[in-house]
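This is what each chain is made of:
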Amino acid sequence: MEPKLKIARRRSPIHGNGVVATARIKKGEPIVEYKGRIISHDDADAQYHGDVGSGHTFLFTLNDEWIVDANVRGNIAKWINTSCDPNAIAFIHSEEKKDPDPKKDRVIIEALRTIEPGEEITYDYGFEFDVPYTPELLKVWACRCGSPKCTGSMLKAKAGGKSGKAKKEKREKVKKGKKGKKEKKREKVKKRKEKKEKKEKKEKKEKKEKKEKKDRKEKKGRKK
C-alpha cells in the first residue's frame, strides 16, 4: 500500500493550479511520483510539437528513449509549478539491477529542504528547446515564480549560445546529478558483487588448504 501523500492541489499565485504541502515534509523525503503514459520521443514530437509555442506542457523526459506523458493517466505531480529557487527537485530512478529497462525509469519529486504545511511545492523545470530563443518565445515561457533569484524565464540557457539536442519536455535541472546517482547505484552493486566474489574465492582457498592439510596428515599417518 502506497503511503498517503502530504500534498494537495490548490490555486497558485505563480500560475493557475499548483501543489501545496498539507503536512511537514522533511529534506530528502520523496513527495510524489510524476506519472503518466510512457511514449517515445518520436511520438511526443508527432503529438505535441505545438507545445513549444504554447508556454505549457505535461511531458517529462525519462531518458533518451522514453517520455512520461502526463496528459494521459497523469496525477497531481503534473500541477507542480516551476521556480528559480525551488524547494524540491526531480530525480530519475532506474531499476536496481545490472541492465535496467529504460522504460521502467521513474520520476520522483523529492524535497530539497524541509517544507512546511501550506507551502507551495516547486522545482526548476529547466526547459530546453531546439529552436531559436526569440523574444516571442521568451515571453511565452516567462517565469513568474516571484523569487529574488528569478531569471525571468523557464527556458534553460544554451551552452555557448548553440542549440542543443531537441528537448521539448520537462527535465530536472541537474541531469548530471541524476546520471551520477544512477552510476553510484551501479558502482555500489558492482562493489557488492566484487566483495562477494572475493569472499567466495577466499573461502574456496581456505577449504582447499584445509583439505590439503588433512590429506597430508592422513598420508603421514599411513607411512607410520
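Rules of the game
Each residue is numbered by its place in its chain's sequence as written, counting from 1. Reporting of local features is limited, given that this is a predicted model, to residues whose pLDDT is at least 70; pairs of side-chain atoms are given and counted only at 80 or more, and all residues count toward the totals for whole chains, interfaces and linings. Side-chain metrics rest on all non-hydrogen atoms present in the structure, leaving aside hydrogens and water. Comment: elements are numbered from the N terminus, with helices defined as DSSP H or I runs of at least four residues and strands as E runs of at least two. Think of it in three bands: residues with accessible area under 20% of the maximum for their type are buried, residues over 50% are exposed, and the middle band is partly exposed, with areas taken using a 1.4 Å probe on protein chains only. Should any heavy atoms of two residues lie within 4.5 Å, those residues are considered in contact. Residue-level accessible areas treat just the shown protein chains as cover; the underlying method is Shrake-Rupley with a 1.4 Å probe. Salt bridges are defined by distance alone: a side-chain nitrogen of Lys or Arg within 4 Å of a carboxyl oxygen of Asp or Glu. Pairs of N or O atoms within 3.5 Å make up the polar contacts considered here, provided that, within protein, one atom can donate a hydrogen while the other can accept it, and that residues adjacent in sequence are counted only when both atoms are side-chain atoms. By this definition, two strands are paired if DSSP reports at least two bridges between them.

Chemist: Explain the overall build of the protein chain to me, and be specific about the residues and the numbers.
Modeler: Each helix and strand counted, the protein chain has 3 helices and 10 strands in total. Reading the protein chain from its N end, one meets helices and strands in the order β-β-β-β-α-β-β-β-β-β-β-α-α. Taken across its 224 residues, the protein chain has 38% of its residues classed as buried. A fraction of 72% describes how many contacts in the protein chain between residues 6 or more apart in sequence connect residues 24 or more apart. Summed over its atoms, the accessible surface of the protein chain is roughly 14,900 Å², and 52% of this surface lies on carbon and sulfur atoms.

Chemist: Hey, could you go over the pattern of salt bridges for me, with residue numbers and the actual values?
Modeler: Inspection of every chain in the model, using the stated rule, returns 7 salt bridges. Between Arg 24 and Glu 116 there is a salt bridge whose closest N-O contact spans 3.1 Å. Taken together, the positions of Arg 24 in the loop between strand 2 (17-21) and strand 3 (30-34) and Glu 116 in the loop between strand 9 (106-111) and strand 10 (122-123) put the pair 92 residues apart, joining distant regions of the chain. Across the pair Asp 69 and Arg 37 runs a salt bridge whose closest N-O atoms are separated by 2.8 Å. Here Arg 37 lies in strand 4 (residues 37-40) and Asp 69 lies in strand 6 (residues 66-69), a separation of 32 residues in the sequence. What makes Asp 69 buried here is its relative accessible area of 0%.

Chemist: Describe the side chain of Ser 12, with residues and values.
Modeler: Tracing the chain through its elements places Ser 12 in the loop between strand 1 (7-11) and strand 2. Relative accessible area serves as the criterion here: at 13%, Ser 12 is assigned to the buried category. There is a polar contact of 2.9 Å between the side chain of Ser 12 and the backbone nitrogen of Ile 14. Looking at Ser 12, its side chain comes within polar contact range of the side chain of Glu 120, at 2.9 Å. If sequence neighbours within four positions are ignored, Ser 12 has contacts with Asn 17, Gly 18, Asn 81 and Glu 120.

Chemist: Explain the pairing of strand 2 residue by residue, including any values.
Modeler: Most of strand 2 sits inside the fold, with 4 of its 5 residues counted as buried. Relative to strand 2, strand 1 is paired through 5 bridges, and the arrangement is antiparallel. Its bridge partner being in strand 2, Ala 8 is matched across the sheet by Val 20. Taken together, strand 1 and the strand that follows it, strand 2, pair antiparallel across an intervening segment of 5 residues, in which Gly 16 is found at a positive phi of about 45°.

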